[in-house]
Amino acid sequence: MEPFVTHTGRAVPLRRTNVDTDQIIPAVYLKRVSRDGFGEGLFAAWREDPAFVLNQPRYEGATILVAGRDFGTGSSREHAVWALLDYGFRAVIAPRFGDIFRTNSTKAGLLPVVLPEKVVALIQDAAEAEPPAQLTVDLDARTVYVTGGGLAQDIAEPFQIDDYTRWRLMEGLDDIGLTLRHEDLISAFETTRPSFLPTTI
Amino acid sequence: MSSAPRTLAEKIWDAHVVRHAEGEPDLLFIDLHIVHEVTSPQAFDGLRAAGRKVRRPDLTIATEDHNVPTTGVTGPDTPLEGPGSPITDPVSRTQIAAMRANAAEFGLRLHPMGDAGQGIVHVIGPQLGLTQPGMTIVCGDSHTSTHGAFGAVAFGIGTSEVEHVLATQSLPQIKPKTMAINVEGALPDGVTAKDLILAIIGQIGTGGGQGYIVEYRGEAVRALSMEGRMTVCNMSIEAGARAGLVAPDETTFEYLKGRPNAPQGADWDAAVEYWKSLRTDDDAVFDNEVTIDATTLSPYVTWGTNPGQALPLASVVPAPTETKDPSGTERSLTYMGLTAGTRLKDIAVDTVFVGSCTNGRIEDLRAAAAVIDGRKVADGVRMLVVPGSMQVRAQAEAEGLNAVFTAAGAEWRSAGCSMCLGMNPDTLKPGERSASTSNRNFEGRQGKGGRTHLVSPAVAAATAVTGRLTAPADL
């Protein structure tokens with residue numbers, strides 16, 4: 001995956017709560033057997049509404065999605081992450097994420113950033129202002145910086161992410177390769193498993 | 001290994017740690033990996049690109065469930081393409097063909113469309129006895145939490161993690177916190193496992209379980225059958241919890257005994273002895289505890305577009321200002337075409353769906369059949385009954401349930417995920433409304449523009465009879 005160290009761009013405010021992965025990418029788009037091209041299915045049903053935020057020309061080229069509470073709930077489909085990446089997003093900011101979506105994001109190089117609800121609302125306001133705010137999501141410093149967008153003062157809001165996931169994202173490392181460095185431990189564990197455990201073949 | 005009191009989830013977790021290092025996720029060994037056609041093709045591509053094999057084909061099982069049609073499946077010789085193939089969508093066919101090619105290339109056991117062992121991933125694991133207490137189980141499907149009913153740590157994963165498990169039979173995971181949901185007292189007559197889990201999600205919300213493994217405890221949980229426990233654990237993810245579990249007991253052992261992949265002979269005795277140790281220590285502390293009074297519950301139904309938007313069937317559609325998320329409620333009501341104050345019992349449906357990994361097991365079909373026996377599906381209502389597996393279908397036919405359903409005017413189908421998510425031809429049309437025994441009432445979940453009310457199998461059957469959301473007691 002592409003490393004993520006720091007990213008600067010404009011934001012799209014998605015003022016909706018409980019955005020489940022069925023909305024991010026509806027099931028009919030899950031039949032592809034490749035990883036690419038999912039951007040066309042991103043928010044497919046909502047994009048049919050000309051007023052939907054992604055259809056507004058002013059947000060063209062924005063790369064950071066700023067959404068409401070409980071973003072990415074529901075289905076485990078990693079296609080939701082692939083769709084956001086393929087469309088051009090590099091980070092999603094929300095007050096809370098669905099667990100599987102958040103894990104999938106960190107495996108594919110999309111940065112999920114949890115910020116307090118009030119700060120998310122401020123950033124959404126600033127993204128809607130004219131001219132809009134500039135955001136920098138700095139994974140190295142674990143901080144989101146927001147300037148412009150009519151803010152009374154610039155925002156520098158820290159966020160939490162565990163050291164290991166941060167390191168892996170910053171290096172763009174493949175998890176499987178990391179695990180296989182400990183293959184001897186897996187083999188040793190396998191010899192200790194009870195004989196009553198089931199096998200499929 | 002610590003000697004401090006531990007919860008059940010912690011015991012299972014600790015027993016599977018291959019590697020623990022400060023500041024890193026634990027590397028967990030995975031006892032069983034279930035694979036299906038939708039979330040696996042890119043994972044197999046990844047293996048091929050890196051020149052990797054499946055490390056433990058003997059701990060892996062695959063089936064075809066999400067895409068398969070539920071009509072026209074004629075048995076083991078059902079063709080994938082050409083004349084007689086039930087699959088009309090070429091993209092679905094490609095995905096199923098990829099599953100078959102990948103299973104053959106990597107040496108995996110596959111139960112394909114038409115096979116007597118085919119069914120929904122979360123129905124076939126338990127029915128084979130592959131799902132056992134104390135195991136770690138994963139699948140590229142969020143409803144893997146179902147298997148927690150047996151006292152296993154079971155959770156859904158994405159495709160990158162599917163590839164990781166295929167390659168290494170392990171997964172790096174940050175240890176979740178633990179939550180106890182204590183369901184005190186007994187469920188009143190006519191109140192089912194589905195009503196219980198909808199009530200729980202209605203209380204704690206779609207994010208209430210986020211970051212936790214939930215253990216369901218208490219008198220009402222102990223009294224549930226394995227099917228009921230699976231229904232409850234299945235929807236843990238709808239409360240945001242990646243996993244939910246129930247400590248194993250005699251009900252669990254009784255269910256497992258004699259199943260094809262359950263231990264036999266001396267292995268059975270050794271297994272049961274271990275399984276009996278799988279309970280939360282009396283003085284263990286959960287990170288969070290929630291208590292539900294089972295005696296106050298009644299049949300539940302969802303009115304909105306997420307499973308937390310659930311209320312007793314006897315109530316009315318809420319006003320946005322009465323809810324914690326007024327703008328979200330407003331959006332939900334607009335999508336659902338509902339007005340605040342409408343009695344839930346007055347909501348008319350076009351379609352009734354009985355099936356899915358939540359409620360597609362034999363006991364669910366029996367519950368629906370008991371209600372509809374001798375009655376008729378209302379004019380203008382379409383009722384689909386889709387068994388969770390071909391084995392459930394065969395058992396239901398042996399019990400004559402199919403005849404009950406077809407005599408009532410319902411459609412008796414073959415096994416698959418079907419209208420739960422509409423990846424096969426079983427979908428709602430825009431504006432159509434369903435009562436569904438599945439797990440998600442998300443916008444468009446059952447077909448673009450479709451509107452879903454989640455219900456139990458008994459409420460689904462009663463609703464089919466009247467054409468409006470109805471509890472069996474009101475027939």
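This structure is a prediction, so every number in the text was calculated from the model and none was measured.

**Student:** What is the right way to look at the overall build of chain A in this model?
**Tutor:** When helices and strands are counted, chain A shows 7 helices and 8 strands. Structurally, chain A occupies a C-alpha span of about 65 × 40 × 25 Å along its principal axes. Considering chain A as a whole, with its 201 residues, one finds that 45% of them fall into the buried category. Looking at chain A alone, contacts between residues at least 24 apart form 68% of all its contacts between residues at least 6 apart.

**Student:** What should I look at first to understand the nonpolar core in this one?
**Tutor:** In globular proteins that are soluble, nonpolar side chains generally tend to be buried together. Ranked by internal contacts, the top residues of the largest apolar core, which has 199 residues, are Val66, Leu84, Val92 and Ile93 of chain A together with Leu196 and Ala368 of chain B. The element best represented in this core is helix 6 (residues 193–204) of chain B, accounting for 8 residues. Setting aside its immediate chain neighbours within four residues, Ala368 of chain B contacts Val354, Val385, Pro457, Ala458, Ala460 and Ala461 of chain B.

**Student:** Even after reading the chapter, I still don't get the interface of chain B and chain A, so can you show me in this structure?
**Tutor:** When the parts of a complex come together, some accessible area is lost, and that lost area is often taken as the interface size. Taken together, the contacts link 68 residues of chain B with 49 residues of chain A. Among the elements that take part in the side of chain B that touches chain A, helix 5 (residues 159–168) of chain B stands out by supplying 7 residues, more than any other. When its residues are assigned to classes, the side of chain B that touches chain A shows 23 nonpolar, 29 polar and 16 charged.

**Student:** What is the right way to read the sheet that holds strand 1 (residues 6–9) of chain A from this model?
**Tutor:** Backbone hydrogen bonds are what pair the strands of a sheet, in a parallel or an antiparallel way. Residues and elements named next belong to chain A. One open sheet accounts for 4 strands, arranged 1-6-7-8; its pairing is antiparallel. The sheet terminates laterally at strand 1 and strand 8 (155–158), the two strands that pair on one side only. Strand-to-strand twist across the sheet, computed as the mean angle between neighbouring axes with direction ignored, equals 10°.

**Student:** Teacher, can you tell me more about the pairing of strand 5 (residues 111–114) of chain A here?
**Tutor:** Two faces make up the sheet, and in a regular strand the side chains alternate between them. Residues and elements named next belong to chain A. Alignment of strand 4 (residues 91–94) against strand 5, held across 4 bridges, turns out to be parallel. Looking at the pairing, Ala94 lines up with Val114 of strand 5. Regarding the hand of the β-α-β motif, the stretch spanning strand 4, helix 3 (residues 99–108) and strand 5 is right-handed.

**Student:** How should helix 11 (residues 326–336) of chain B be read in this particular structure?
**Tutor:** Residues and elements named next belong to chain B. Every buried residue belonging to helix 11 is among Gly328, Thr329, Ser332, Leu333 and Met336, and all of these are buried. Buried residues of helix 11, seen end-on, are gathered within an arc of 130° and therefore sit on one face of the element. Away from the buried face of helix 11 by more than 90 degrees, exposed residues Pro326 and Thr334 are located. Buried residues belonging to helix 11 abut strand 19 (451–454). Positioned one or two residues after helix 11, Gly337 has a phi angle of 65°, which is positive.

**Student:** Explanation requested: the sheet that holds strand 3 (residues 32–35) of chain B in the structure shown.
**Tutor:** Residue and element names in this part refer to chain B. Spatially, 5-4-3-6-7 is the arrangement adopted by the 5 strands of the open sheet, whose pairing is parallel. Looking at which strands have only one partner, the edges of the open sheet turn out to be strand 5 (109–111) and strand 7 (153–156). In this sheet, neighbouring strand axes are inclined to one another by 20° on average, regardless of whether the strands run parallel or antiparallel. As defined by bridge partners, strand 3 adjoins strand 6 (residues 136–139) across 3 bridges and the pair is classed as parallel. Across the sheet, residue Ile34 finds its bridge partner in strand 6, namely Cys139.

**Student:** Help me understand the confidence of the model for chain B in this model?
**Tutor:** If pLDDT is low for a region, its predicted coordinates should not be looked at in detail. Summing up the model confidence of chain B, the mean pLDDT is 97 and the portion of residues at 70 or higher is 100%. ipTM for the predicted complex: 0.97, alongside a pTM of 0.97.

**Student:** Which parts of the structure should I look at to understand the packing of helix 13 (residues 362–372) of chain B against helix 15 (residues 401–408) of chain B?
**Tutor:** Think of two packed helices as two axes; the pair is described by the angle between the axes and how far apart they sit. Residue and element names in this part refer to chain B. Two numbers describe how helix 13 lies on helix 15: the axes approach to 9 Å, and their chain directions differ by 45°. One way to sum up the angle between helix 13 and helix 15 is to call them oblique. The two elements helix 13 and helix 15 cross, and the hand of that crossing is left-handed. Here Leu365, Arg366, Ala369 and Ile372 of helix 13 lie close against helix 15, whose contacting residues are Leu401, Val404, Phe405 and Ala408. Of the residues assigned to the contact of helix 13 with helix 15, the class counts are 7 nonpolar, no polar and 1 charged.

**Student:** It is not clear to me how the pairing of strand 8 (residues 170–173) of chain B should be interpreted in this structure. Could you clarify?
**Tutor:** Residue and element names in this part refer to chain B. Burial along strand 8 is two-sided: Ser170 and Pro172 and Leu171 and Gln173, pointing in opposite directions, are all buried. As defined by bridge partners, strand 2 (residues 26–29) adjoins strand 8 across 4 bridges and the pair is classed as antiparallel. Pairing of Leu27 across the sheet is with Pro172, part of strand 8.

**Student:** Looking at this structure, I do not really get the environment of Tyr335 of chain B. What am I missing?
**Tutor:** Residues and elements named next belong to chain B. Position of Tyr335 among the secondary structure elements: in helix 11. What makes Tyr335 partly exposed here is the crowd of 16 C-beta atoms within 10 Å. Sequence-wise, Tyr335 and Lys429 are 94 residues apart; in three dimensions their C-alpha atoms are separated by 14 Å. With sequence-adjacent residues up to four places away left out, Tyr335 is seen in contact with Thr305 and Glu443.

**Student:** Please clarify how the packing of helix 2 (residues 79–87) of chain A against helix 3 of chain A should be interpreted in this entry.
**Tutor:** Residues and elements named next belong to chain A. The interhelical angle for the contact between helix 2 and helix 3, taken along N-to-C directions, is 50°, at an axis separation of 9 Å. The orientation of helix 2 relative to helix 3 falls into the category oblique. The chirality of how helix 2 crosses helix 3 is right-handed. Between helix 2 and helix 3, the residues in contact are Ala80, Val81, Trp82 and Leu85 and Phe101, Asn104, Ser105 and Ala108, respectively.

**Student:** I keep staring at the environment of Val371 of chain B and nothing clicks. Help me out?
**Tutor:** Residues and elements named next belong to chain B. Along the polypeptide, Val371 turns up in helix 13. Taking the C-alpha atoms as reference, Val371 lies 9.6 Å from Ala473; in sequence the two are 102 residues apart. The contacts of Val371, once residues within four sequence positions are left out, are Ala458, Ala461, Ala462 and Pro472.

What counts and what doesn't
- Residues numbered from 1 in each chain as written.
- Chains lettered and ligands numbered in written order.
- Predicted model: local features only at pLDDT ≥ 70, side-chain atom pairs only at ≥ 80, totals over all residues.
- Helix = DSSP H or I, 4+ residues; strand = E, 2+ residues; numbered from the N terminus.
- Buried ≥ 20, exposed ≤ 12 C-beta atoms within 10 Å, placed from the backbone.
- Contact = placed C-beta atoms within 7 Å.
- Core = buried A, V, L, I, M, F, W, Y, C linked by C-beta atoms within 7 Å.
- Nonpolar A, V, L, I, M, F, W, Y, C, P; charged D, E, K, R; others polar.
- Pairing = 2+ DSSP bridges.
- Axes fitted to C-alpha atoms, helices over the stretch in contact; angles between N-to-C directions.
- Right-handed = clockwise from strand over helix to strand, strands pointing away.
- Arc of directions from axis to C-beta.
- pLDDT = per-residue confidence, 0-100.
- Parallel < 35°, antiparallel > 145°, perpendicular 65-115°, else oblique.
- Left-handed = near helix turned anticlockwise from the far one by under 90°.

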